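Listed below, chain by chain, are the residues.
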Amino acid sequence: MNTVVNQTKLNPYSRSVSIIGVGCTPFMNTLEDPATEGLTEGELFGYAAMEAMKDAGVTPKDVDYYFHGQANPMGCDYITPNIMVANWVGMKGKGSIHHSEACCTGYLALEQAVNAVASGKYNVVLSGCVEFGDAIAIPYKPSCFRRRIPMEEFLETTRWIYDKAYTLGMMAGPVINFDDSAEYYARTYGLSVKEMDEVICHMALNNRYNAVHHPLSISKVDFPEIAKAAGYDNVMDFMLSDKENPKMGEYLRVLGTEIKCDGAAAVIVCPTEMVSQFTDKKPIEVLGIGSACLESSNHNLEIHATREAVRQVYELTRVKPEELDLMYVNDFMIPSQLVSAEIAGYLPEGEGWKYIKEGRTRFDGDKPLNTNGGRTSFGHAHAASGLADLYEAVHQMRGDCGEHQVKKLPKTVMLRGFGGSQNVTAAIIRTKEA
Amino acid sequence: MEKKDMEKIVKTFYDKLEEGKIMGRKCTCCNNVEFPPVFICNKCGSFDTEWIELSGKASFKSVMVANGQTAKYPEFLPYALGAVTLEEGSEVNALIGGITKENAEEYRQKLPASCHAKIVQRDGFKTVMFEVD
């Protein structure tokens, strides 16, 4: 029997909710730079929140409630980290809650905030996420004392996102994710392993191209330059080299996976009818957010869960795929880009790989994807990444991205969240004209 | 936002303790002093705060003598736990050295009683406790 995916019907929000402010720190390895060594979770969350509040035209006094997201408790050594950031955002005494959905945390951070306002309970809500994916806390020491967590040690902690009853014991679930979506795509659309390998490498190239044009990205050097320094005139020879870019599975290579790092991002939402009280900027309305979860014993879980989340949000909003101007996909395993963009109808089914190979999904292409460089090149501060995508989407929709502004001002954008083996979301946001 | 704009408040606080200085952040709008230091004023919500060196003068308004679980820092005994108000206005929970089971009642009778900040060494870093005057 194929994977069972129960369906949910979304109801309209009780009142319209809009994004009025966003903030994002640089994504970085804080311990690698004397300028950032010793920064703490309160400071990163606070800087992102402060930028979002300034952007929104609100002060801490205007904010009724805040959400805090963080994926890995080793990052700060807290299980109630929302409490620890209150003083840093000028909200001592205000209500808050912490949530944690691994790499999907930042996307659900938007959902939490929108629901809180749509329900009528609160008017102005801050939602922020912070992650120390690279510089983790040292127990019993003040938070400015940190140490690097090697990838091997980090990968050990991913056991926290897999089912212990069966999936961990049966072994396939925690590792099949490396190749599951790539194998599905190649099998379904008739690509050989070698052809799929090339497509994956092109996705990594496109992400890096986008990232080196983004001021907050952790990646500052483009792959052709790195390849040349390594003795490769043709960058694809470098990308397809098992020595330079080792395989993680049959399909996925190292440069098609995340760069874990430290960072924070935040958003401010309020009822659309109240936007003019705070800012002259055009509100960006959250039309709807679909959600679906499947744990890792389910084959092709990303495909199934993305289809369901996308189905929900299209059904609710009646937005058509052809109305999407821009898309963001959490792509810590980069084939996510391709399969999600096709499921959403942003790229034509079975044809998206050609767009990717032709560079059409770069920020300066006609079908831009992950204009910040995605998880493989912008960096992955796990909880914060979803809100970093939202930060980027909002600035693209305002048309103020400068050097990396997409060609056509986007009005309608989808963000596909993914993480935690696996929570999946599909949000549609749209600039609201006066 | 650029890295250079992200001032390190926590690290600066601990670095200054190594120099024998206890620092807070003063709001340039309402003069509220945040101790321990943070970069947004919790009183008025202003984003504009600046460093201030604290005098160390303070008073305490409550006394809970260390005992059982609350005596978990034997290197600093005798001490009590209490709410300490700095001369600059901030209130914080703190250890107050010099208070014993025997003399606690004497201090309770004259609350708020005066005390002063003291920089002490913990495992790998310095921190702040208080001592009765």
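This structure is a prediction, so every number in the text was calculated from the model and none was measured.

Colleague: When you look at the overall build of chain B in this model, what are you seeing that I'm missing?
Modeller: Helix and strand counts for chain B come out as 2 helices and 9 strands. When the elements of chain B are put in sequence order from the N terminus, they spell out α-β-β-β-β-β-β-β-α-β-β. The dimensions of chain B, computed from C-alpha atoms along their principal axes, are 55 × 35 × 25 Å. Taking all 133 residues of chain B together, the buried fraction comes to 29%.

Colleague: Where do I start with the interface of chain A and chain B in this structure?
Modeller: By a frequent convention, interface size equals the accessible area lost on bringing the separate parts together. Contacts between the two partners involve 28 residues from chain A, matched on the other side by 18 residues from chain B. Of the residues forming the side of chain A that touches chain B, the biggest block, 5 residues, is contributed by helix α1 (residues 41–56) of chain A.

Colleague: What is the right way to read the packing of helix α3 (residues 105–118) of chain A against helix α15 (residues 385–398) of chain A from this model?
Modeller: Helix packing geometry: the angle between the two helix axes and the distance between the axes. Residues and elements named next belong to chain A. Taken N-terminus to C-terminus, the directions of α3 and α15 make an angle of 65 degrees; their axes are 5 Å apart at the nearest point. Classified by the interaxial angle, the pair formed by α3 and α15 is roughly perpendicular. Across from Thr 105, Gly 106, Tyr 107, Ala 109 and Leu 110 in α3, the residues of α15 making contact are Ser 385, Gly 386, Leu 387, Ala 388 and Leu 390.

Colleague: How should I be thinking about the domain arrangement of chain B in this particular structure?
Modeller: All names here are of chain B. Partitioning chain B into structural domains gives domain 1 (1–54) and domain 2 (55–133). Just the C-alpha atoms count here: the centres of domain 1 and domain 2 sit 23 Å apart. Facing the 11 residues of domain 1 at the interface are 12 residues of domain 2. Among the elements of the structure, α1 (9–18) and β2 (33–34) are those that each provide at least two residues to the side of domain 1 that touches domain 2. The element best represented in the side of domain 1 that touches domain 2 is α1, accounting for 3 residues. Split by residue class, the side of domain 1 that touches domain 2 holds 6 nonpolar, 3 polar and 2 charged.

Colleague: Before we go on, may I ask you to explain the nonpolar core in this structure?
Modeller: Most often, soluble globular proteins keep nonpolar side chains buried together rather than apart. In terms of nonpolar packing, the biggest core is built from 139 residues, with Val267(A), Ile268(A), Val269(A), Met327(A) and Ala427(A) touching the most fellow members. Ignoring anything within four residues of it in the chain, the contact list for Met327(A) reads Ala341(A), Ala344(A), Tyr346(A), Leu369(A), Val413(A) and Met414(A). One finds Ile22(B), Ile99(B), Cys115(B) and Phe130(B) within the second-largest nonpolar core, a separate group that totals 20 residues.

Colleague: Is there a simple way to explain helix α8 (residues 193–212) of chain A in this structure?
Modeller: If you check α8(A), its first and last C-alpha atoms are 29 Å apart, about what 20 residues at 1.5 Å a residue would give, namely 28 Å. Burial within α8(A) is extensive, with 15 of its 20 residues counted as buried.

Colleague: Before we go on, may I ask you to explain the sheet that holds strand β1 (residues 23–27) of chain B in this structure?
Modeller: Strand-to-strand pairing in sheets goes through backbone hydrogen bonds, with the strands running parallel or antiparallel. All names here are of chain B. The strand order across the open sheet formed by 3 strands is β2-β1-β3, and the pairing between neighbours is antiparallel. Edge positions in the sheet fall to β2 and β3 (49–53), since each has one partner strand and no second. Sheet topology note: the β1/β3 ladder contains 5 bridges and is antiparallel. Following the sheet pairing, Lys 26 is matched in β3 by Glu 50.

Colleague: Just to check I follow, could you spell out unusual backbone geometry for this structure?
Modeller: Glycine aside, negative phi is the norm for most residues, and most peptide bonds take the trans geometry. The residue after Ser421(A), namely Gln422(A), is reached through a cis peptide bond having omega -20 degrees. Secondary-structure assignment places Gln422(A) in the loop between β10 (412–419) and β11 (423–431). Between Leu77(B) and Pro78(B) the backbone carries a cis peptide bond, its omega angle lying at 0 degrees. By secondary structure assignment, the location of Pro78(B) is in the loop between β5 (64–65) and β6 (79–86). The phi dihedral of Ala102(A) is positive, around 55 degrees, even though this residue is not glycine. One can find Ala102(A) in the loop between β3 (95–99) and α3. In the Ramachandran plot, Arg318(A) falls in the positive-phi region, its phi being about 60 degrees despite a non-glycine side chain. Mapped onto the fold, Arg318(A) is located in the loop between α11 (301–317) and β9 (326–329).

Colleague: Just checking my understanding: could you explain the packing of α11(A) against helix α12 (residues 335–343) of chain A for this structure?
Modeller: All names here are of chain A. One way to put it is that α11 packs onto α12 with a least axis distance of 10 Å and a crossing angle of 35 degrees. α11 and α12 meet at a crossing whose hand is right-handed. Touching Glu 302, Ile 303, Thr 306, Arg 307 and Val 310 of α11 are Ser 336, Val 339, Ser 340 and Ile 343, all from α12.

Colleague: Sorry if this is basic, but what is going on with the sheet that holds β11(A) here?
Modeller: All names here are of chain A. Within the open sheet, the 9 strands sit side by side as β3-β2-β4-β7-β1-β8-β11-β10-β9. Their pairing is mixed. Sheet topology places β3 and β9 at the edges, where each strand pairs with a single neighbour. For this sheet, the mean angle separating the axes of adjacent strands, direction not counted, is 25 degrees. Looking at chain direction, strand β1 (residues 17–24) and strand β7 (residues 262–271) are connected through 7 bridges and run antiparallel. Paired with Ile 19 across the bridge in β7 is Val 269. Contacting β9 and β10, α12 crosses the sheet at an angle of about 135 degrees to β9.

Definitions and cut-offs
Residues numbered from 1 in each chain as written. Chains lettered and ligands numbered in written order. Predicted model: local features only at pLDDT ≥ 70, side-chain atom pairs only at ≥ 80, totals over all residues. Helix = DSSP H or I, 4+ residues; strand = E, 2+ residues; numbered from the N terminus. Buried ≥ 20, exposed ≤ 12 C-beta atoms within 10 Å, placed from the backbone. Contact = placed C-beta atoms within 7 Å. Axes fitted to C-alpha atoms, helices over the stretch in contact; angles between N-to-C directions. Parallel < 35°, antiparallel > 145°, perpendicular 65-115°, else oblique. Domains from an automatic or database assignment. Nonpolar A, V, L, I, M, F, W, Y, C, P; charged D, E, K, R; others polar. Core = buried A, V, L, I, M, F, W, Y, C linked by C-beta atoms within 7 Å. Expected span 1.5 Å × (residues − 1). Pairing = 2+ DSSP bridges. Left-handed = near helix turned anticlockwise from the far one by under 90°.

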